[in-house]
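Chain residues, written in single-letter form:
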Amino acid sequence: MLKKLLLYSVSIIFIVIVGKLSIHFFIPAESYAFRQVKKIAPKVDNQLLLINKHISLIVRPTEYFNFPIKIGQHGPVKSLYSGDIQYPFYCMTVDSGLGQPLVDNQSAYGVPVYSDFLQQKKIIGYSKDCSLATKVQYYSLYHSGKIIKLTPSDLTAYVNNTDRTLLRVEQGTINRFIYTVVMPISADEIGRRLAQSKWNKRLVFQFNGGSGIGFRQGKQKAKRVIARQKQQLLDGYAVISSSGNKTSYTYNMLLAEDTARRVKKHFVSLYGKPLYTVGIGGSGGGLAQYLIAQNSTGILDGLIPLYSYPDMITQTTYALDCDLLNNYFTFRTQNNTQWLDWHKRQTVEGMNALNNFPQRAGYLQPVNQIMSGFVPSLPDGNSECINGYFGLSSFINNPKQGFLRDLFHPDVVKQVKWSFWQDLVNVLGQDKQGFGLSTWDNVGVQYGLLALQENSITIDEFVDLNSKIGSWKPQIEMEAEHIWLPLGRKIPLWLSLWGSQNITPIIEGIANRHEGSINAMQAAYRAGQVFIGKITLPVIDVRHYLEEDLDMHHVSASFFSRLRIIEQHGHSDNHVIWISNKNYNPAVLAFKMMDEWLLALRSNPSFSTVEAKPKSLFDQCFSAKGEVLFKGKGIWDGQWNNKSEGECQKVYPMFSTSRIQAGSTWSGDMFKCQLMSVNQAMKQGLYGSVNMGLYQQKLEKIFPNGVCDYNQIDQGRPSDL
């Protein structure tokens, strides 16, 4: 270890000297330069749904576009009801293998369009809205999993074969995003757009995940869409999808819903109504299903969310704590040796943490310690906060950062506020400086409260943590990350680890906390950015157990969703949770059970969702070989519902979050707690058996307005919800 540290130190001295001289964010010349957006198109007003109550209660406007889209034409540019069009907007039709977008202006707005894309010499116009002429292509999907794009000569000689399925793939643009329709057909249906003899009348809407902040069209390659639903296509399902329904490109759920509704409308206008439409998709593609099903009708009939969260916006509440905690443990603690035990960190962070688990970017710690005047050390453990969420605070919360910069000219970069909040500005609103309003708040949050109650940390550690952890600075005060890329993007040298330059400083022993916007919180609830459990459709929530990998897709998120459903309806009988060893994928079985459920609903219109539920469908957990280990009620019981551990909970134990460890609820849907005085908290016994008498004044200085009272409702939640 000592030799390794000395080697790092020698390298670091050079890095620090050069890094200090480097610009904040150095980007080497890349192939995107000739396609950069160099000029922002002027604002285009567009209809925004008037949201004065929960969005599920609001009637959507009548569609004006005449679907279906004709071959060679493009779909609507303006969304039907999600507000002003976002610019700049980077076109990704080329990245999707679909060629250049259509020219829509000669004023240099958007990406350049060339007469010969390969030569890149003569610009014939520009595209700000990235429209694409609708086109049809054909693919062959083999039972082995091989996918082949067919040429015209392949099609001429194509014959039906039992070891493969012929697929007609249509792609174009709707709401500026790339849509895809995949239909299984027979060889004699080549060239006939409406032919559908191989379709089993069931429709899959494929959603996809990732973290996005808007400002780009997104990639959607036909092969990728096919590959994700291979088995369903072989079974005769049709599949639809859109880059606007991949959260790598936007978390604006009003826009995502608007886009999904139109993609399905286009499909139905071509092929008629399916027996049902089932959603599938992981991570962000899972939460999008929850929100679209909660907020609207007519798009989905059943949900198969994978690795899902209830929503993104309440996830940010604890996710944005991660770097604050990492910064404290690395730079601010009065004695960092006490936090070298990663199990101890877990008692504060909530999410899993492991000793002797390597960090991919562990070399950054000694680099930044030297720069900050500390004795350098290499980390000897890891946490989900680092392994899963590294860089997220910079990406979604820092308007000066935005990792989309390669796609835009430096002049454009300076004009745009790059953040998750800015992508939602139509929904959440903006401040006087034009920054999107943020819901994130940590006023009154007592980090590590449960750890203190359980004597996992000392009073001194608890007080030091809460006095120094601080919060994120106001957006207007934020700086770009100090990142140097001498070896390219794959090995970035972060010289501002954990976004430390954007964390409130310690002044007279205390770092200030951040207050989120109540208006933004209320808007998030009303506009359906928050999952409040208002869902009655069939749901089979599926995930692999990845806690031992410190993966960000933690088990507890499925139960956040369940608790919200229970809070809304008094039960969760329409909500099934399956968790499996990562070596077995129960998704195909989930489709089989969902098919049985939805067909029962269709055959018995008077049945409720619960009445139509298959008798053999239960919560269950699976082994690596696909064996059902346990099933039935109570198998997932645990801390989340204040019951003794169920059998599956023992096999696949869950962890919590920083806010749960601070005393908040397991449903995870509290933006801003109501406050009570420190004295009142002591009288209520909030600190358990710990005598806080000698620390009362210190706590009152840290929390001048009081500490969180999690027995009260969310201050940000509208009273009618």
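Residues numbered from 1 in each chain as written. Predicted model: local features only at pLDDT ≥ 70, side-chain atom pairs only at ≥ 80, totals over all residues. Heavy atoms only, no water.

Caption draft 1: Representation of the pairing of strand β8 (residues 238–246) in the model. Burial analysis of β8 places eight of its nine residues in the buried class, which makes it a mostly covered element. In this structure, strand β6 (residues 177–185) lies alongside β8, joined through four bridges in antiparallel fashion. Each bridged residue has a counterpart across the sheet, and for Tyr-179 the counterpart in β8 is Ser-242. Sheet topology note: the strand β7 (residues 202–208)/β8 ladder contains five bridges and is parallel. Paired with Asn-208 across the strands is Lys-246, a residue of β8. (Buried < 20%, exposed > 50% of the residue type's maximum accessible area, 1.4 Å probe, protein only. Helix = DSSP H or I, 4+ residues; strand = E, 2+ residues; numbered from the N terminus. Pairing = 2+ DSSP bridges.)

Caption draft 2: Molecular detail of the sheet that holds strand β20 (residues 628–631). As summarised here, the arrangement of the twelve strands in space is β4-β3-β5-β6-β8-β7-β9-β10-β17-β18-β19-β20, forming an open sheet in which the pairing is mixed. The open sheet is flanked by β4 (147–149) and β20, the only strands paired with a single partner. Each strand of the sheet is rotated relative to its neighbour by a mean of 20 degrees, with strand direction disregarded. Helix α5 (residues 253–271) rests against β5 (164–174), β6, β7, β8 and β9 (276–282) of the sheet, and its axis sits at about 155 degrees to β8. (Axes fitted to C-alpha atoms, helices over the stretch in contact; angles between N-to-C directions. Contact = heavy atoms within 4.5 Å.)

Caption draft 3: A look at the packing of α5 against helix α6 (residues 284–295). Two elements in contact, α5 and α6, have axes whose closest approach is 10 Å; the angle formed by their N-to-C orientations is 80 degrees. In terms of their interaxial angle, α5 and α6 are classed as roughly perpendicular. Contacts between α5 and α6 involve Met-253, Ala-256, Glu-257 and Ala-260 from the former and Leu-287, Ala-288, Leu-291, Ile-292 and Asn-295 from the latter. Taken together, the residues that form the contact of α5 with α6 break down as seven nonpolar, one polar and one charged. (Parallel < 35°, antiparallel > 145°, perpendicular 65-115°, else oblique. Nonpolar A, V, L, I, M, F, W, Y, C, P; charged D, E, K, R; others polar.)

Caption draft 4: Structural context of the side chain of Ser-242. Structurally, Ser-242 can be placed in strand β8. A polar atom in the side chain of Ser-242 sits 2.9 Å from the backbone nitrogen of Gly-244. Apart from the residues within four sequence positions on either side, Ser-242 is in contact with Phe-177, Ile-178, Tyr-179, Gln-220, Thr-259 and Val-263. (Polar contact = N/O pair within 3.5 Å; in protein donor to acceptor, adjacent residues only side chain to side chain.)

Caption draft 5: Region of the structure containing the state of the cysteines. The final tally for this structure, using the stated rule, is four disulfides. Here Cys-91 is linked by a disulfide to Cys-130, with a sulfur-sulfur distance of 2.1 Å. With the S-S dihedral at roughly -85 degrees, the linkage between Cys-91 and Cys-130 falls on the left-handed side. Note that Cys-91 is positioned in the loop between α1 (2–21) and β1 (111–114) and Cys-130 in the loop between β2 (123–127) and β3 (135–142), a separation of 39 residues in sequence. Residue classification places Cys-91 among the buried positions, given a relative accessible area of 3%. Disulfide pairing places Cys-673 opposite Cys-708 at an S-S distance of 2.0 Å. (Disulfide = S-S within 2.5 Å.)

Caption draft 6: Spatial organisation of a positive patch on the surface. A surface patch of like charges, here positive, comprises Lys-219, Lys-221, Arg-224 and Arg-228. Looking at the element boundaries, Lys-219 is found in the loop between β7 and α3 (222–228). (Patch = residues over 30% accessible without salt bridge, like charges linked within 9 Å, V, L, I, M, F, W, Y side chains within 5 Å. Areas by Shrake-Rupley, 256 points an atom, 1.4 Å probe, with all protein chains shown as cover. Salt bridge = Lys/Arg side-chain N within 4 Å of Asp/Glu carboxyl O. Lys, Arg positive; Asp, Glu negative; His and termini not counted. Charge placed at Lys NZ, Arg CZ, Asp CG, Glu CD.)

Caption draft 7: Quick peek at the packing of aromatic side chains. This model, assessed by the stated rule, comprises 26 aromatic pairs. Residues Tyr-237 and Phe-591 carry aromatic rings whose centres are separated by 5.8 Å and whose planes lie at 75 degrees to one another, so their mutual orientation is edge-to-face. Taken together, the residues span a long stretch of sequence, with Tyr-237 in the loop between α4 (230–234) and β8 and Phe-591 in helix α20 (residues 587–603) at a distance of 354 residues. Note on accessibility: Tyr-237 and Phe-591 belong to one class, buried. Both rings, one in Phe-462 and one in Tyr-687, keep their centres 6.3 Å apart while their planes meet at 70 degrees; by these two values the pair is edge-to-face. Within this pair, whereas Phe-462 is found in helix α17 (residues 459–468), its partner Tyr-687 is found in the loop between α23 (678–683) and α24 (696–702), the two being separated by 225 residues in sequence. (Phe/Tyr/Trp six-rings, centres within 6.5 Å; stacked < 30°, edge-to-face > 60°.)

Caption draft 8: Representation of a nonpolar patch on the surface. Side chains of Leu-629, Phe-630 and Val-651 sit close together on the surface and give an oily, nonpolar patch of about 200 Å² of accessible area. In this fold, Phe-630 is placed in strand β20. Exposure remark for Phe-630: the relative accessible area of 32% places this residue in the partly exposed category.

Caption draft 9: Spotlight on α5. Relative to the 27 Å expected for 19 residues at 1.5 Å per residue, α5 spans 26 Å between its end C-alpha atoms, a close match to the ideal helical length. Burial analysis of α5 places 15 of its 19 residues in the buried class, which makes it a mostly covered element. Capping the start of α5 is the job of one residue whose side-chain oxygen sits 3.0 Å from the backbone nitrogen of Leu-254: Asn-252. Trailing α5 by a residue or two, Gly-272 shows a phi angle of about 85 degrees, which is positive. (Expected span 1.5 Å × (residues − 1).)

Caption draft 10: How the structure looks around unusual backbone geometry. Between Phe-67 and the following residue, Pro-68, the backbone shows a cis peptide bond with an omega angle of 5 degrees. Topologically, Pro-68 is positioned in the loop between α1 and β1. Its identity as a non-glycine residue notwithstanding, Ser-283 has a phi of 60 degrees, on the positive side. On the secondary structure map, Ser-283 appears in the loop between β9 and α6. Taking the relative accessible area as the measure of exposure, Ser-283 reaches 14% and is therefore buried.

Caption draft 11: Structural detail: the environment of Val-463. Turning to its location among the elements, Val-463 is positioned in helix α17. In the structure, Val-463 is positioned 145 residues away from Tyr-318 in sequence and 20 Å away in space, judged by C-alpha atoms. With sequence-adjacent residues up to four places away left out, Val-463 is seen in contact with Tyr-695, Lys-698, Leu-699 and Ile-702.

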